[in-house]
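# Report on the structure
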Amino acid sequence: MEEQIEQFTFDFYKETAHIDAGSGDQLKLTLGEFAGPLDLLLFLIKQEQANIFDIPISRIAGEYLRYIRLMKEMDIAIAADFIVMAATLIEIKSKMLLPREIAAEDGEDIDDPRKELVDRLLEYEKFKAAAEMLYERTTIEQAVFTRGPIESDENNAEINATVFDLLSVFQKILSRHTEEVMMEIHREEISLADMLKTLRKRIFDESELDLARFFDEMHNKRELVTAFMAVLEIVRTESVKLVQRTTFGTIVLRKI
Amino acid sequence: MEVSSEIEKSRSAIELAAVIEALIFVSDEPITSRLLSEVISEDREIVETVLQALKIDYEKRDSGLQIREIAGGWQISTRTEYHDEVRQFLKTRPSAKLSLASLETLAVIAYKQPVTVPEILEIRGVQSVSAIKTLLEKRLIITKGHKETVGRPMQYGTSKDFLIQFGLKDINELPSIEDFADLVS
Amino acid sequence: MEVSSEIEKSRSAIELAAVIEALIFVSDEPITSRLLSEVISEDREIVETVLQALKIDYEKRDSGLQIREIAGGWQISTRTEYHDEVRQFLKTRPSAKLSLASLETLAVIAYKQPVTVPEILEIRGVQSVSAIKTLLEKRLIITKGHKETVGRPMQYGTSKDFLIQFGLKDINELPSIEDFADLVS
């Protein structure tokens with residue numbers, strides 16, 4: 001066990017986990033349900049039948065990393081927070097390896113490197129239990145029904161608003177606007193001649209024009225194609241050239 | 001209608017009355033004895049006997065409610081004796097509820113205040129006159145003087161009641177789009 | 001609130017119970033004893049005594065319905081025993097359950113309110129942004145203004161809908177969070 005853990009670096013994604021197909025599906029189910037790294041950690045501590053106040057950190061860290069690899073293999077998106085916890089575990093593990101007698105000799109009470117994690121786990125576990133209580137409450141409450149609509153409920157179609165509703169409604173109104181504007185642009189298509197005129201003006205006004213930026217200004221694919229054709233046309237017919245100073249650098253249009 | 005076999009056939013008269021009462025209560029229109037007998041898999045005669053018993057039961061206990069047969073179905077409603085109080089309550093009850101049109105108008109006023117009717121029209125793209133009237137009646141908005149521009153249109157803003165109803169200390173507490181940047185999108 | 005003088009002051013206890021029952025029935029959301037006492041012009045203590053008596057009355061008569069206190073108000077609803085039949089009749093399925101992540105986030109918000117996103121992260125050890133969005137959309141939580149600290153993060157708390165959906169009279173009815181510590185270990 002100990003040797004195996006030593007292999008774990010931050011490259012644990014490349015490690016191959018060994019589980020048989022039979023338990024695989026079961027595992028997948030469980031993995032999807034972990035609400036976070038603390039949840040997974042608690043599960044592992046229970047599974048190992050370890051004492052939360054004296055966590056066998058090497059073993060638990062090893063198991064934790066193994067689970068993360070499994071999640072990766074099963075294409076379960078791993079939140080960054082799971083990785084952060086992995087790093088924390090490895091850090092605690094390395095601290096545990098440092099000799100602590102030196103400090104103890106001075107009669108000082110040196111903190112257990114696991115203390116902070118244990119405190120967090122204990123705190124988290126309370127809320128996990130509270131979440132379970134809420135789950136039970138809502139299950140019971142779903143068995144309770146209120147009366148059907150009656151004549152006097154003329155407000156039925158209406159909604160009870162919160163500040164969040166105000167903001168989301170306001171945002172929807174604003175986005176309705178931008179949609180309308182974009183539709184208008186779409187309707188009046190820009191011809192190649194118009195595009196050439198715009199392009200020519202821009203080059204002569206600014207003497208140099210960044211192509212990528214010019215293309216970014218286009219609102220849709222059709223405009224982009226027109227713009228591209230205009231560039232080809234203007235290079236072919238006018239005293240304008242394409243300049244790229246460095247390989248993969250920006251391309252600019254410049255007056256000759 | 002599907003009839004569930006899980007529901008036990010053997011029920012006491014009391015249970016039967018209770019389940020029928022619950023079904024009438026949740027129904028959004030008068031429910032027929034036929035439908036009741038289907039849902040609970042009991043003979044229609046039994047259901048009708050229970051219904052009559054329930055009706056008498058409500059009368060006997062001087063309830064504010066009554067169970068009655070109406071339009072071929074059964075319904076729970078308030079007793080006519082208490083209609084004065086009921087009417088008064090319905091008239092005066094505070095309602096935080098808003099139609100979508102009112103909510104939209106309120107959102108525009110809250111975020112753009114002080115704002116005029118033509119400005120709201122421009123933002124919403126719809127006339128908001130009746131919504132503004134509703135919001136004024138509910139005291140969620142107040143007038144904020146005339147705008148010194150052509151026609152001197154009236155400007156509107158949110159009221160103190162608005163802050164109370166939406167649980168805000170002051171108007172700066174209104175969440176900005178940045179506050180929900182991670183949430184909305 | 002205006003109090004109608006037309007309503008007679010002298011009412012028997014039975015009449016009082018009946019009118020209160022009628023008002024609870026017509027109200028489309030839990031009605032407070034304060035509002036009830038205003039509408040019927042009776043002392044709040046009297047109203048509350050009647051409410052308790054009504055509640056017991058409903059229990060005693062083995063009704064399919066119950067009167068209970070929820071979210072600071074009073075409401076009539078069906079008893080849990082009849083949910084199978086009711087659901088079958090309404091053709092509804094239990095509404096989508098909250099995910100474990102949402103429930104945990106809700107638990108943290110319920111006990112730590114007002115609480116910010118970073119504070120929730122601290123306890124849960126994982127980002128809770130999508131859970132918060134779900135809870136806001138389901139109206140189980142509301143914003144509670146900004147916290148006066150670096151970055152002025154938005155604070156969240158539970159809503160009235162939370163109390164209703166979780167069958168709570170008020171937020172203090174939740175068991176103490178320290179009670180859950182005893183279960184731990």
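Residues numbered from 1 in each chain as written. Chains lettered and ligands numbered in written order. Predicted model: local features only at pLDDT ≥ 70, side-chain atom pairs only at ≥ 80, totals over all residues. Heavy atoms only, no water.

This part covers the overall build of chain B. In terms of helices and strands, chain B carries eight helices and six strands. Reading chain B from its N terminus to its C terminus gives the helix and strand order α-α-α-β-β-α-β-α-β-α-α-β-β-α. In chain B, which comprises 185 residues, the share counted as buried stands at 45%. Intrachain contacts of chain B at a sequence separation of at least 6 include 44% that bridge at least 24 residues. (Helix = DSSP H or I, 4+ residues; strand = E, 2+ residues; numbered from the N terminus. Buried < 20%, exposed > 50% of the residue type's maximum accessible area, 1.4 Å probe, protein only. Contact = heavy atoms within 4.5 Å.)

The next point concerns the interface of chain B and chain C. With 48 residues of chain B at the interface, the matching set in chain C holds 49 residues. Both sides of the chain B and chain C interface together cover about 4100 Å² of buried area, and 67% of this is carbon and sulfur. The tally of links between chain B and chain C comes to three salt bridges. The salt bridge involving Glu-173 of chain B is made with Arg-152 of chain C; its shortest N-O contact spans 4.0 Å. Counting across the chain B and chain C interface gives seven residue pairs in polar contact (both at pLDDT 80 or more). Breaking the side of chain B that touches chain C down by element, the ones donating at least two residues are α1 (13–26), α2 (33–40), α3 (44–60), β2 (73–78) and α4 (83–92) of chain B. With nine residues, α1 of chain B is the largest single contributor of residues to the side of chain B that touches chain C. The class makeup of the residues in the side of chain B that touches chain C is 25 nonpolar, 10 polar and 13 charged. (Buried area = accessible area lost by both parts, 1.4 Å probe. Salt bridge = Lys/Arg side-chain N within 4 Å of Asp/Glu carboxyl O. Polar contact = N/O pair within 3.5 Å; in protein donor to acceptor, adjacent residues only side chain to side chain. Nonpolar A, V, L, I, M, F, W, Y, C, P; charged D, E, K, R; others polar.)

Moving on, we get to the sheet that holds strand β2 (residues 208–210) of chain A. Residue and element names in this part refer to chain A. Pairing within the open sheet is antiparallel, and its three strands lie in the order β2-β4-β3. What marks the edges here is a single partner per strand, and that holds for β2 and β3 (240–244). For this sheet, the mean inter-axis angle between neighbouring strands, taken without regard to orientation, is 25°. Sheet topology note: the β3/strand β4 (residues 251–255) ladder contains five bridges and is antiparallel. Within β4, the position partnered with Leu-242 by the bridge is Leu-253. Against the sheet, helix α9 (residues 192–206) makes contact with β2, β3 and β4, and its axis sits at roughly 120° relative to β2, the strand it touches most. Packed onto the sheet, helix α11 (residues 221–237) meets β3 and β4 and runs at close to 115° relative to β3. (Pairing = 2+ DSSP bridges. Axes fitted to C-alpha atoms, helices over the stretch in contact; angles between N-to-C directions.)

Here Thr-78 of chain B shows up in strand β2. Only 3.2 Å separates the side chain of Thr-78 of chain B from the side chain of His-83 of chain B, close enough to count as a polar contact. Beyond its immediate sequence surroundings of up to four residues, Thr-78 of chain B is in contact with Gly-64, Leu-65, Gln-66, His-83 and Val-86 of chain B together with Ala-22, Phe-25 and Val-26 of chain C.

Here we take up the packing of helix α3 (residues 37–47) of chain A against helix α5 (residues 80–97) of chain A. To describe two helices that pack against each other, one gives the angle between their axes and the distance between the axes. Residues and elements named next belong to chain A. One way to put it is that α3 packs onto α5 with a least axis distance of 9 Å and a crossing angle of 50°. One element, α3, and the other, α5, form an angle in the oblique class. Of the residues in α5, those touching α3 at Pro-37, Leu-38, Leu-40 and Leu-41 are Asp-81, Phe-82, Met-85 and Leu-89. (Parallel < 35°, antiparallel > 145°, perpendicular 65-115°, else oblique.)

Time to look at the packing of helix α5 (residues 100–112) of chain C against helix α6 (residues 117–124) of chain C. All names here are of chain C. Closest axis-to-axis distance for the α5/α6 pair is 10 Å, and the angle between their directions is 115°. Both α5 and α6 take part in a crossing whose hand is right-handed. Packed against α5, whose contacting residues are Ala-101, Glu-104, Thr-105, Val-108, Ile-109 and Lys-112, the element α6 presents Ile-120, Ile-123 and Arg-124 at the interface. Looking at the contact of α5 with α6, its residues break down into five nonpolar, one polar and three charged. (Left-handed = near helix turned anticlockwise from the far one by under 90°.)

Here we come to the pairing of strand β1 (residues 65–70) of chain B. The pairing of β1 of chain B with β2 of chain B spans six bridges and is classified as antiparallel. Directly across from Ile-67 of chain B, in β2 of chain B, lies its bridge partner Ile-76 of chain B.

Once that is clear, we can look at the layout of surface pockets. Of the volumes computed, that of the second largest pocket is approximately 510 Å³. What lines the second largest pocket is a set of 27 residues, among which Ile-150 and Glu-151 of chain A together with Arg-68, Ser-77 and Thr-78 of chain B lie closest to the centre. Top contributing element to the lining of the second largest pocket by residue count: β2 of chain B, with five residues. Broken down by class, the residue content of the lining of the second largest pocket amounts to 12 nonpolar, nine polar and six charged. (1 Å grid on protein atoms, 1.4 Å probe; cavity = no way out; pocket = protein on both sides within 12 Å on 5 of 7 lines; lining within 4 Å. Points joined across faces, edges and corners; volume = space filled by probe spheres on them.)

Tallying the contact residues gives 42 residues for chain A and 58 residues for chain C. Roughly 4100 Å² is buried in total at the junction of chain A and chain C, and carbon and sulfur atoms are behind 64% of that figure. Taken together, the connections running from chain A to chain C amount to four salt bridges. For Arg-68 of chain C, the salt bridge is made with Glu-141 of chain A, and the minimal N-O distance between the two is 2.2 Å. Scanning the region where chain A abuts chain C turns up 14 residue pairs in polar contact (both at pLDDT 80 or more). Counting only elements with at least two residues in the side of chain A that touches chain C, the list comes to α3, α7 (115–141), β1 (159–160) and α8 (163–187) of chain A. If you tally residues by element for the side of chain A that touches chain C, the top one is α7 of chain A, at 19 residues. A class-by-class count of the residues in the side of chain A that touches chain C yields 21 nonpolar, eight polar and 13 charged.

Attention now goes to α6 of chain C. Of all the residues in α6 of chain C, the buried ones are Ile-120, Ile-123 and Arg-124 of chain C. Burial along α6 of chain C is one-sided: seen end-on, the buried residues are contained in an arc of 90°. Its buried side turned inward, α6 of chain C meets α3 and α7 of chain A together with α5, β3 (115–116) and α7 (129–137) of chain C. (Arc of directions from axis to C-beta.)

This part covers the domain arrangement of chain B. When the parts come together, some accessible area is lost, and that loss is often what is quoted as the size of the interface. What the domain assignment reports for chain B is domain 1 (5–87) and domain 2 (100–184). Distance between the C-alpha centres of domain 1 of chain B and domain 2 of chain B: 47 Å. (Domains from an automatic or database assignment.)

Another point: the pairing of strand β6 (residues 154–158) of chain B. Residues in a regular strand project their side chains so that they alternate between the two faces of the sheet. All names here are of chain B. Most of β6 sits out of view: four of its five residues are buried. In terms of strand pairing, strand β4 (residues 115–116) meets β6 through two bridges, oriented antiparallel. Paired with Val-115 across the two strands is Tyr-156, which belongs to β6. Across four bridges, the pairing between strand β5 (residues 141–146) and β6 is antiparallel. The residue bridging Ile-141 from the neighbouring strand is Thr-158, located in β6.

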